[in-house]
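# Architecture and fold: a report
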Amino acid sequence: MHKTGVLIVGAGPSGMVAALALAKSGIHSILIEKRKTPGIHPKAHEISGRTIEILNSLGIPVEELRKDASSHEVASTIIFCRTIQEEIGRIELNVPSIQRKYRDHFVGAPYFNISQVQVENLLRSHIRKSRRITLWNDCSWESLEQTHSRVRSRLIHKGTRVIVESSYVLGCEGAAGAVRNALGIQMKGPEQIQDFANVYFTNDLSKVLKTRAKLFFILRPDAAGTIIAHHPKKRWVYHVPILSPFEKVQDFTESVFRARLQRALGIPDFEPCIESISSWRMTAQVAESFQSRRVFLLGDSAHRFPPTGGLGLNSGVADAFNLCWKIAMVLHRTANENILTTYEAERKPVVEINCRESYKNYRRLMKIPRVLGLDVRYSTLIARLFALAPDLTPVRRSLNALLARLLLFADTHLQKVQRQAGPMGLVTDAIAREIGHFDRIGLDLGFRYGAGCILPDGKPATSSSGTVYVPDFSPGSRLPHFTLRRKAPTFPKPNSRKKKKPGGSHSLLDYTMFTLLCTKTESWKRVLDDSGLSHLIQLQKVSNSVTMAGETVTWADLAGISMSGAILVRPDGQIAARFNDPGEYISSLSSLIKVLSLRIQQRRVAA
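All of these numbers come straight from a predicted model, not from anything done at the bench. (Residues numbered from 1 in each chain as written. Predicted model: local features only at pLDDT ≥ 70, side-chain atom pairs only at ≥ 80, totals over all residues. Heavy atoms only, no water.)

Before going further, it helps to examine the overall build of the chain. Along the chain, the regular secondary structure elements total 20 helices and 26 strands. In summary, the chain has a C-alpha radius of gyration of 26 Å against a globular reference of 25 Å for 607 residues, a match within 12%. Within the span of the chain, comprising 607 residues, buried residues form 55% of the whole. Put simply, 72% of the contacts in the chain that link residues at least 6 apart link residues at least 24 apart. Surface summary for the chain: the accessible area is close to 26,200 Å², and the carbon and sulfur share equals 52%. (Helix = DSSP H or I, 4+ residues; strand = E, 2+ residues; numbered from the N terminus. Rg over C-alpha atoms; globule rule 2.2 N^0.38 Å. Buried < 20%, exposed > 50% of the residue type's maximum accessible area, 1.4 Å probe, protein only. Contact = heavy atoms within 4.5 Å. Areas by Shrake-Rupley, 256 points an atom, 1.4 Å probe, with all protein chains shown as cover.)

Turning next to unusual backbone geometry. With a phi close to 55°, Asp-138 is a non-glycine residue in the positive phi region. Along the chain, the position of Asp-138 falls in the loop between strand 7 (133–136) and strand 8 (139–146). One non-glycine residue, Lys-158, lies in positive phi territory at about 55°. With respect to the helices and strands, the residue Lys-158 is situated in the loop between strand 9 (151–157) and strand 10 (160–171). You can call Lys-158 exposed: its relative accessible area is 59%.

Attention now goes to the packing of aromatic side chains. We describe a pair of aromatic rings using the distance from one ring centre to the other and the angle between the two ring planes. All chains considered together, the criterion is met by 22 aromatic pairs. Between Tyr-168 and Phe-296, the ring centres sit 6.1 Å apart and the planes meet at 55°, which makes this aromatic pair tilted. Separated by 128 residues along the polypeptide, Tyr-168 in strand 10 and Phe-296 in strand 19 (residues 295–297) bring together distant segments of the chain. Judged by centre distance (5.3 Å) and plane angle (85°), the ring pair of Phe-579 and Tyr-585 falls under edge-to-face. Ring-pair connections join several aromatic residues into one group, and the members of that group are Tyr-168, Phe-290, Phe-296 and Tyr-343. (Phe/Tyr/Trp six-rings, centres within 6.5 Å; stacked < 30°, edge-to-face > 60°.)

What follows concerns helix 8 (residues 254–265). Across its twelve residues, helix 8 extends 16 Å between first and last C-alpha, which sits within 8% of the 16 Å expected from 1.5 Å per residue. Looking at helix 8, one finds that the buried residues are Phe-257, Arg-260, Leu-261, Gln-262, Ala-264 and Leu-265. Where helix 8 is buried, its residues meet strand 12 (194–201), strand 13 (215–218), strand 14 (225–231), strand 15 (235–241) and strand 16 (274–282). Directly after helix 8, the chain includes Gly-266, whose backbone phi takes a positive value near 70°. (Expected span 1.5 Å × (residues − 1).)

Along the chain, the position of His-157 falls in strand 9. Other than its neighbours up to four places away in sequence, His-157 contacts Trp-136, Asn-137, Asp-138, Cys-139 and Val-162.

The next point concerns the sheet that holds strand 21 (residues 514–518). Taken together, the four strands give an open sheet; going across it, the order is 22-21-25-26, and neighbouring strands pair in mixed fashion. The sheet terminates laterally at strand 22 (537–541) and strand 26 (575–579), the two strands that pair on one side only. Strand-to-strand twist in this sheet, taken as the mean axis angle between neighbours without regard to direction, amounts to 20°. Bridge count for strand 21 against strand 25 (residues 566–569) is four bridges, and the pairing is antiparallel. If you follow Leu-517 over to strand 25, its bridge partner there is Ile-567. (Pairing = 2+ DSSP bridges. Axes fitted to C-alpha atoms, helices over the stretch in contact; angles between N-to-C directions.)

Bringing the state of the cysteines into the picture now. Enumeration according to the criterion identifies zero disulfides in this entry. For the unlinked cysteine Cys-139, the closest cysteine sulfur is that of Cys-172, found at 14 Å. (Disulfide = S-S within 2.5 Å.)

Evaluated as defined, the whole model comprises 34 salt bridges. For Arg-364, the salt bridge goes to Glu-434, with nearest N and O atoms at 3.3 Å. In this pair, Arg-364 sits in helix 10 (residues 342–365) while Glu-434 sits in the loop between helix 14 (421–432) and helix 15 (435–438), placing the two residues 70 residues apart along the sequence. Take Glu-434: its relative accessible area is 0%, and that puts it in the buried class. One salt bridge connects Arg-448 with Asp-472, and the closest N-O pair in it is separated by 3.1 Å. (Salt bridge = Lys/Arg side-chain N within 4 Å of Asp/Glu carboxyl O.)

So, about the pairing of strand 24 (residues 551–554). Side-chain positions along a regular strand alternate between the two faces of the sheet. By the bridge criterion, four bridges tie strand 23 (residues 545–548) to strand 24 in an arrangement that is antiparallel. Following the sheet pairing, Ser-545 is matched in strand 24 by Thr-554. Linking two consecutive strands that pair antiparallel, namely strand 23 and strand 24, is a turn of two residues; a positive phi of about 55° is found at Ala-549 within it.

Next up on the list: the pairing of strand 21. Within strand 21, five of the five residues are buried, which leaves it mostly tucked inside the rest of the structure. Residues of strand 21 alternate between two faces, with Phe-514, Leu-516 and Cys-518 on one and Thr-515 and Leu-517 on the opposite face, all of them buried. Running through helix 17 (residues 521–531), the crossover from strand 21 to the neighbouring parallel element strand 22 is right-handed. (Right-handed = clockwise from strand over helix to strand, strands pointing away.)

Strand order in the open sheet made by the three strands is 11-17-20, with antiparallel pairing throughout. With partners counted over all chains shown, the strands left at the sheet margins are strand 11 (187–188) and strand 20 (303–304), one partner each. By the bridge criterion, two bridges tie strand 17 (residues 285–287) to strand 20 in an arrangement that is antiparallel. Residue pairing for strand 20: Gln-285 is matched across the bridge by Arg-304. Of the strands in this sheet, strand 17 and strand 20 touch helix 10, which is tilted by about 170° from strand 17.

So, about the packing of helix 1 (residues 13–24) against helix 9 (residues 312–331). Here helix 1 crosses helix 9 at 30°, and the two axes come no closer than 8 Å. Here helix 1 lies roughly parallel to helix 9, going by the angle between them. Note on packing geometry: the crossing formed by helix 1 with helix 9 is right-handed. Contacts between helix 1 and helix 9 involve Pro-13, Ser-14, Val-17, Ala-18, Ala-21 and Leu-22 on the former and, on the latter, Leu-313, Gly-316, Val-317, Ala-320, Cys-324 and Ile-327. (Parallel < 35°, antiparallel > 145°, perpendicular 65-115°, else oblique. Left-handed = near helix turned anticlockwise from the far one by under 90°.)

Before going further, it helps to spend a moment on the confidence of the model for the chain. When the pLDDT values of the chain are averaged, the result is 90; 91% of them are 70 or greater. Across residues 486–502, where pLDDT falls below 50, the model places 34 contacts with residues more than four positions away in sequence or in other chains. (pLDDT = per-residue confidence, 0-100.)

Below, the discussion takes up the packing of helix 9 against helix 10. Across the interface, helix 9 lies against helix 10 with an axial gap of 10 Å and an inter-helix angle of 170°. Comparing their axes, helix 10 and helix 9 come out roughly antiparallel. Across the interface between the two elements, Ser-315, Ala-318, Asp-319, Asn-322, Leu-323 and Lys-326 of helix 9 pack against Thr-342, Tyr-343, Glu-346, Arg-347, Val-351 and Asn-354 of helix 10. When grouped by side-chain class, the residues that make up the contact of helix 9 with helix 10 number four nonpolar, four polar and four charged. (Nonpolar A, V, L, I, M, F, W, Y, C, P; charged D, E, K, R; others polar.)

In structure tokens:
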């Protein structure tokens, strides 16, 4: 039997981030992955600025991520086109009005276009260096039994049955959710929105592109789909919808994808260097519960989003970052187990919003073909026609010929619309309305935990939306970025090779403990010592003047406190409480200890 603090089932992004977060907090974990070797087929391709912040706090520098990411210009451009060579419209994030708000509220990078496979490789390299993480590949989880203090899991590691006893289990194995299914936890929401097939190919298309971009929405009817540049010189993925029940996954062979890619690229003799073919199902679901006693669900095990918005991987990383410091404090006996119930209370409402926004993005995206006169409902009608037809070769041949004529007619119509100013004006407006699909700083930074491990102060909170982020110092919010000197925030140029260490407010935080930000540290140190929480809370001095969004303001006015007040920030960077003065802290101490589930350290009195 093997014993560990936490067993993590699934070595995807959320599982590996959980392992690194626990290791940083001094907790050993066993991380298991059923694959013998890492996968090569790309999945997600975008990580948000908040995820970059989280990874940096766990010891993964921005420059390590930048090495395998596409350029900032590529990451900021989205093209709608007939073929990849014939642009119909675009969304451009690399414009001053959009980039300014990212520069104002981030240090390091606002987002990266980087293949999930490359992110996983980087995470795995850091995991191998950690003495607190044991990684088992070729290891399948089978079942578990829970007691009041432990979880006993049965595994098969390289063909041998193994038992692992741990204090907690994290289910991070993805959409299949073996742990979730064993617990009987149901998913809520549409299970099948659309099925897709995709092909991963490794050609260098950088020299044939008229415009470099991360996304190309192909609207040519006989090649409709999405081409994603995970890296324009070496990693591409082409997604096409499967028209069930007429089409099946096995229909999408290399020859089929080769022909479609030739049409999608507008290059008749194009020969793709195909590495792999896969399929996936778009859903929009959230688990009924994220916890069953000592077992927790994270990432795709707890929620599945449409990829429209890039919120899935990033939400899973945030899940791990929220939960693991709490588990660590319980195992270190500095917090009570009640703190673990706040994981679901905090994360579930946030991921429900992300799920709704992702689904909304998908449905809005489908309006663009309709504006062009390419009603996607016709494809469903054609699929039903094929499904109802008898499975006879002559009939199928006739239907294929009919389908080819319909697609040709639709493509002729599309090319005609492209030459007409009036319809194209409507198309341009429809594309412009997609900005919230890609510029989502409000979702990335503006989420706020309304209940859980926070002490509300009753003051009104500001509200962010998808494309608008309003910095907020109310409990539950992410600590906004500001700098401590009379200097504009440092923000490296997108392709700068010069290494700059992230600075500002988040550089003051420590994932292993709470941080109290204040200007009068001496008085607050005495109060913390007397309250018995000095072992859990570090003091960080903030100057009277700070800089946010290029403006120098007083710290007190910015934070909404008096000059003798303080902001208490959790290990995960969310604000736990704010106080106008030490007296207010003392008067609310019992409530603070209760909502944070902290344990007081009794002071030793000399004999």
